[in-house]
Amino acid sequence: MIRKRKNTSFEKPAIDLSKTPVSRLFFSYYFPAVVSMLSVTVHQIADGLILGQKVGKDGVAAIGLYAPVLIIFIAIVLMLMIGGGILFAKNIGSGRSDKALEVFQFATTISLVLGGVVALSAPWLAEPMTRLLAGNESGKVFIYTLDYTFWALLWLPIFLLRVLWGGFTNNDQAPKVSRNATLLASVCNIGLDLLFVMVFDWGVAGASIATGISLLVALLYIGWYIAQGKKNLHFQGFRLRFRLGEWQQFFLLGLPSFASEIAFAVGFIIVNQSLIGYGKLAVAAFGVINYLSFIFFRFLAAVFIAMQPIISFNMGAGKPDRVLAILRFCMLFALGLGCFITLLGSFTSQPLLHLFSGNASTAFYELAEPAFSIYFWLFVGLGANSVLSLYLQTIGKTLLAITMNITRSIGLVLLLVWFLPSVMGGDGVWAAKPVAELATILLMGLFTLVYRKHYYSHGAIVQQNKN
């Protein structure tokens, strides 16, 4: 049993999740998330510039090629963070703070166990992962990817806890905590990158070590906030919890996020493997372009981060009109932002590639620049699909959300990398994921609107809340 403590849940917050106007409420969560994303972006840019100038394009490509492994681990922690976060916020919204704390303890325990097992297995896992990602066992790209992968696996428990606890503080109506932790970690990471890569000449391994230490700094900051017990989260009576009464709902709510990230990683590998046949320059270009796309994606990720605690709390509080208002606002915002990023990418492809690729060959730029502009159409549909998927899993449409995510990231990508090159040549491989995202939001939007009674009615929302 969790010991009872003085209830601070009813302290008046700066914002009221059940009453504050939707736009103001959204931006009160979005702006801290964007600051976090911007600080991560600044440190990624610095990381890329340092590696690009000191190591060359192969060093930047190595980090980009590690992306599918990172996505798999993000999938695991998102399942815990989103499933746990939805359940945590619903329990807070319905006044069950003790149940909310049990969810927090359960999610933390799973993260520690899974992260510890992978970290201990790093010496045996790193090389086979690198073979899959880099495609061969020769050349600088393979060596750099192996270095980065090994150290990243060792830091995995810290990474999982940092992401998980940051998500729970957002659901505890404290989005600025995760923002401050990210700012602190970013400053630390840039300083350590300069020291390890430029001064100590540790190369890509140094960049990975710097990231791990910075994650630890962020985790300690978030842990310090939780230890104070200002709102609902605290460590008082904390214990490792391997059982949870609501464990089935916990995993069902988080499963679509897990499936989405895993499918996204598989889709990445499909495109990567399809480009191997076009030569090493194509693979290196994909690594650099994917690295840059992840920087821009963070602005859309902030929409997802802001939406989740707001919509989950109002589900728990039994406010279907407010849930639908939040969905509409987030969907329109994600669509607009995605279009802006696509246009921005089209106009900045050349300077960005030259900035992050060091002294690459003319042939590399001739291949990468048009590919960059094509690939960035991905963002038009990506944000809207993420918003719709989160809404579907929040109202309990788990199977549909999973089907949607697997279809757009694997099924359609497989079909399109086979078909589009016959029409567009090599450009067809780069266009596969953007076309898949656009097709998904059009088809899913039409489907859910035709059957709106099952997805957007008060009955559909209230029924899930009863469950």
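Residues numbered from 1 in each chain as written. Predicted model: local features only at pLDDT ≥ 70, side-chain atom pairs only at ≥ 80, totals over all residues. Heavy atoms only, no water.

A. Summary view of the overall build of the chain. Within the chain, the secondary structure is distributed over 18 helices and zero strands. A globule of 467 residues ought to have a C-alpha radius of gyration of about 23 Å, and the chain, at 22 Å, matches this closely. By the burial criterion, 58% of the 467 residues in the chain qualify as buried. Sequence separation of at least 24 residues holds for 81% of the intrachain contacts in the chain that already meet a minimum separation of 6. In the chain, the 33 positive side-chain charges and the 19 negative ones have mean positions that sit 15 Å from each other. (Helix = DSSP H or I, 4+ residues; strand = E, 2+ residues; numbered from the N terminus. Rg over C-alpha atoms; globule rule 2.2 N^0.38 Å. Buried < 20%, exposed > 50% of the residue type's maximum accessible area, 1.4 Å probe, protein only. Contact = heavy atoms within 4.5 Å. Lys, Arg positive; Asp, Glu negative; His and termini not counted. Charge placed at Lys NZ, Arg CZ, Asp CG, Glu CD.)

B. Geometry of unusual backbone geometry. Backbone geometry at Q173 places phi at a positive 60°, although glycine is not the residue there. Within the element layout of this structure, Q173 appears in the loop between α7 (156-171) and α8 (175-199).

C. Representation of the side chain of N290. Within the element layout of this structure, N290 appears in helix α11 (residues 280-316). For N290, a relative accessible area of 1% translates into the label buried. A polar contact is formed between the side chain of N290 and the side chain of Y375, at a distance of 3.4 Å. When residues no more than four places from it in sequence are discounted, the contact partners of N290 are G64, A67, F268 and Y375. (Polar contact = N/O pair within 3.5 Å; in protein donor to acceptor, adjacent residues only side chain to side chain.)

D. Structural context of the packing of helix α10 (residues 247-276) against helix α16 (residues 427-450). Running from N to C, α10 and α16 cross one another at 170°; their axes reach a closest spacing of 9 Å. Taken together, α10 and α16 sit at an angle that is classed as roughly antiparallel. Of α16, the residues touching α10 (which contributes F264, G267, F268, V271, S274 and L275) are V429, W430 and K433. Class assignment for the residues of the contact of α10 with α16 results in six nonpolar, two polar and one charged. (Axes fitted to C-alpha atoms, helices over the stretch in contact; angles between N-to-C directions. Parallel < 35°, antiparallel > 145°, perpendicular 65-115°, else oblique. Nonpolar A, V, L, I, M, F, W, Y, C, P; charged D, E, K, R; others polar.)

E. Looking closely at the packing of aromatic side chains. Considering all chains together, one arrives at 38 aromatic pairs under this definition. Relative to F235, the ring of F104 lies with its centre 6.3 Å away and its plane at 40°, an arrangement referred to as tilted. Highlighted residues: F104 in helix α4 (residues 97-120) and F235 in the loop between α9 (203-228) and α10, separated in sequence by 131 residues. Considering the side-chain rings of F196 and F200, the 6.0 Å spacing of their centres and the 25° angle between planes classify their relative orientation as stacked. When its relative accessible area of 39% is taken as the criterion, F200 is described as partly exposed. Of the aromatic side chains, those joined through ring pairs into one cluster are F26, F27, Y30, F31, F329 and F333. (Phe/Tyr/Trp six-rings, centres within 6.5 Å; stacked < 30°, edge-to-face > 60°.)

F. Seen up close, the nonpolar core. With 146 residues, the main nonpolar core has L292, M307, Y391, L392 and W430 as its most contacted residues. At 21 residues, the largest contribution of residues to this core is made by α11. If sequence neighbours within four positions are ignored, Y391 has contacts with M307, I311, V323, L324, L327, Y455, Y456 and I461. Residues L65, A134, V141 and V283 belong to the second largest nonpolar core, which totals five residues. (Core = buried A, V, L, I, M, F, W, Y, C linked by side-chain atoms within 4.5 Å.)

G. Structural view of helix α6 (residues 140-154). In this model, α6 (15 residues) spans 22 Å end to end at C-alpha, consistent with the 21 Å of a helix rising 1.5 Å per residue. Burial in α6 covers these residues: V141, F142, Y144, T145, Y148, T149, A152 and L153. Relative to the axis of α6, the buried residues are bounded by an arc of 165° and lie together on one face. Buried-residue contacts for α6 involve α2 (57-65), α3 (67-93), α4, α5 (122-134), α7 and α9. (Expected span 1.5 Å × (residues − 1). Arc of directions from axis to C-beta.)

H. How the structure looks around α8. Taking 1.5 Å per residue, 25 residues should reach 36 Å; α8 reaches 36 Å between its end C-alpha atoms and fits that length. Within the span of α8, buried status applies to P175, V177, S178, A181, T182, A185, S186, N189, L192, D193, F196 and V197. Two residues or fewer after α8 comes D201, characterised by a positive phi angle close to 60°.

I. Examining the confidence of the model for the chain more closely. When the pLDDT values of the chain are averaged, the result is 85; 93% of them are 70 or greater. Highest mean pLDDT in the chain belongs to α16 (94); lowest belongs to helix α18 (residues 458-466) (70). In the predicted structure, residues 1-13 sits below a pLDDT of 50 and forms 20 contacts with residues beyond four places in sequence or in another chain. (pLDDT = per-residue confidence, 0-100.)

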